[in-house]
Amino acid sequence: MVFCFISLCGYAWGFFGHQRINRMAIFTLPPEMFTFYKYHIRYITENAVNPDKRRYAVEGEAERHYIDIDVYGDSAIFKMPRRWEDAVAKYTEDTLRAYGIAPWHLQLMKFQLVNAFMEKNVMRILRISADMGHYIGDSNVPLHTTQNYNGQMTGQYGIHGFWESRLPEIFADDYDYFLEKAQYIKSPSARAWQAVTNAHLALDSVLKFEKILSAQFSEDKKYSFETRGNITVKVYSREFSSAYHQMLAGQVERQMRASIQMVGDFWYTCWIDAGQPNLDSLVQLFDNQQDVIEEKDLAPNPTIKTRTHEIGMSFPQQKPTYYFGRHIFRKEELMADF
Ligand SMILES: [Zn+2]
């Protein structure tokens, strides 16, 4: 069994962040949904990172997690056609897939979750809800909206995992998780694009502040070493993390809270659009502890290109690894429909 640690992996939001987003979103739901989701809170939480696990093994997975909007030129975030067909007509499907399809993919997920609710298919409801939470979380991360996704074009290599894993890991317990009740989303497309736009507009500070602080910290003050299990890893120091987090003035917290709220809103909207099926009758129809997924089932497919930020900042040469934690995943949950 190979373990992979949060600050090394550079998974979007890290395991910690994604799991917290999915978990907290449950508490925004109305009573008619809450009982069902609360019963399955462990499943929804622990499977929040399935899409990241799939991305090395499943063709077409990686592109769902981001959109490199800046490759399309100035102000592209405002100009990109919102409808998939219009965007394909303008740029071709190959191009769109090459640079990420996050906001469009959320609409497909919405369609799938509505269907799962209509079918009252418990396994699909849970699996798609957990996946959807992941993609929504990613859509709210500024570094998921740029081709400079790991600061590799500006001498800031490692910033991806720093912003979305290291900072939440240190500071997220102090965040304010006061959330509003889930609201119906009239236009899921508009909401998805709004999230990506907000994230992209925050990108400037993400990069600029790190540059400013890096000029003030010597290398040995910027980084430190921490022991994880039995290995020592190089991480951004607590002092540097703290200074950066402060300079960002609540940005990570805002984006995390926006993600949570949006996940709750999407789940709720799907349930409404499916005709508000009675979930209480479905509560115990699924035992989420069956079967074991073997590590070999998710072995990296060498023909699948992945991004360098998946590999940790500390060990750029490290091969991607998979984490199964203490939870047992069913193979069909991870792979079905993909
Ligand atoms: Zn992701």
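Here the structure is shown first, and the text comes after it.
Described in the following lines is the structure provided in the data block. Bear in mind the structure is a predicted one, so any value in this text is a computation, not a measurement.

1. Some remarks on the nonpolar core
Within the largest apolar cluster, 64 residues are counted, with the highest numbers of intra-cluster contacts made by I21, M132, V263 and W267. At ten residues, helix α16 (residues 251-273) tops the list of elements feeding residues into this core. If we ignore the near neighbours within four places in the chain, the residues touching W267 are A25, L29, S129 and A182.

2. Let's talk about the environment of M80
Summarising the element assignment, M80 is placed in the loop between α6 (76-79) and α7 (84-91). The buried category is assigned to M80, around which 21 C-beta atoms lie within 10 Å. Distance from M80 to I69, taken between C-alpha atoms, is 8.3 Å for residues eleven residues apart in sequence. Leaving out residues up to four positions away in the same chain, M80 has contacts with I69, Y72 and A87.

3. Side note on the packing of helix α2 (residues 14-25) against helix α10 (residues 122-139)
Here α2 crosses α10 at 120°, and the two axes come no closer than 9 Å. Taken as axis vectors, α2 and α10 run oblique relative to one another. For the element pair α2 and α10, the recorded crossing hand is right-handed. Packed against α2, whose contacting residues are G17, H18, I21, N22 and A25, the element α10 presents A130, G133, H134 and G137 at the interface. Among the residues forming the contact of α2 with α10, the class breakdown is three nonpolar, six polar and no charged.

4. A word on the pairing of strand β1 (residues 223-228)
Note: β1 against strand β2 (residues 231-236), six bridges, orientation antiparallel. Its bridge partner being in β2, S224 is matched across the sheet by V235. Hairpin remark: β1 followed by β2, antiparallel, with two residues in the connecting loop; positive phi at G229, about 60°.

5. Considerations on helix α13 (residues 203-216)
Helix length check: α13, at 14 residues, gives a terminal C-alpha distance of 21 Å against a target of 20 Å (1.5 Å per residue), a fit within 8%. Of all the positions in α13, only L203, V206 and E210 are classed as buried. Each buried residue of α13 lies within a common arc of 65° when the element is viewed along its axis, so the set occupies one face. Across α13 from its buried face, at more than 90 degrees, point the exposed residues D204, K208, A215 and Q216.

6. Quick look at the packing of helix α9 (residues 102-119) against α16
It is at 8 Å that the axes of α9 and α16 come closest, and there the two elements cross at 50°. One way to sum up the angle between α9 and α16 is to call them oblique. The element α9 and its partner α16 pack so that their crossing is right-handed. Packed against α9, whose contacting residues are K110, L113, V114 and F117, the element α16 presents F266, C270, W271 and D273 at the interface. Residue composition of the contact of α9 with α16, grouped by class: six nonpolar, no polar and two charged.

7. Topic: α10
Spanning 18 residues, α10 covers 26 Å between terminal C-alpha atoms, matching the ideal 26 Å at 1.5 Å per step. Burial of α10 is extensive: 15 of the 18 residues sit out of reach of the surface.

Rules used throughout
Residues numbered from 1 in each chain as written. Predicted model: local features only at pLDDT ≥ 70, side-chain atom pairs only at ≥ 80, totals over all residues. Core = buried A, V, L, I, M, F, W, Y, C linked by C-beta atoms within 7 Å. Buried ≥ 20, exposed ≤ 12 C-beta atoms within 10 Å, placed from the backbone. Helix = DSSP H or I, 4+ residues; strand = E, 2+ residues; numbered from the N terminus. Contact = placed C-beta atoms within 7 Å. Axes fitted to C-alpha atoms, helices over the stretch in contact; angles between N-to-C directions. Parallel < 35°, antiparallel > 145°, perpendicular 65-115°, else oblique. Left-handed = near helix turned anticlockwise from the far one by under 90°. Nonpolar A, V, L, I, M, F, W, Y, C, P; charged D, E, K, R; others polar. Pairing = 2+ DSSP bridges. Expected span 1.5 Å × (residues − 1). Arc of directions from axis to C-beta.

These figures come from the coordinates and say nothing about function on their own.
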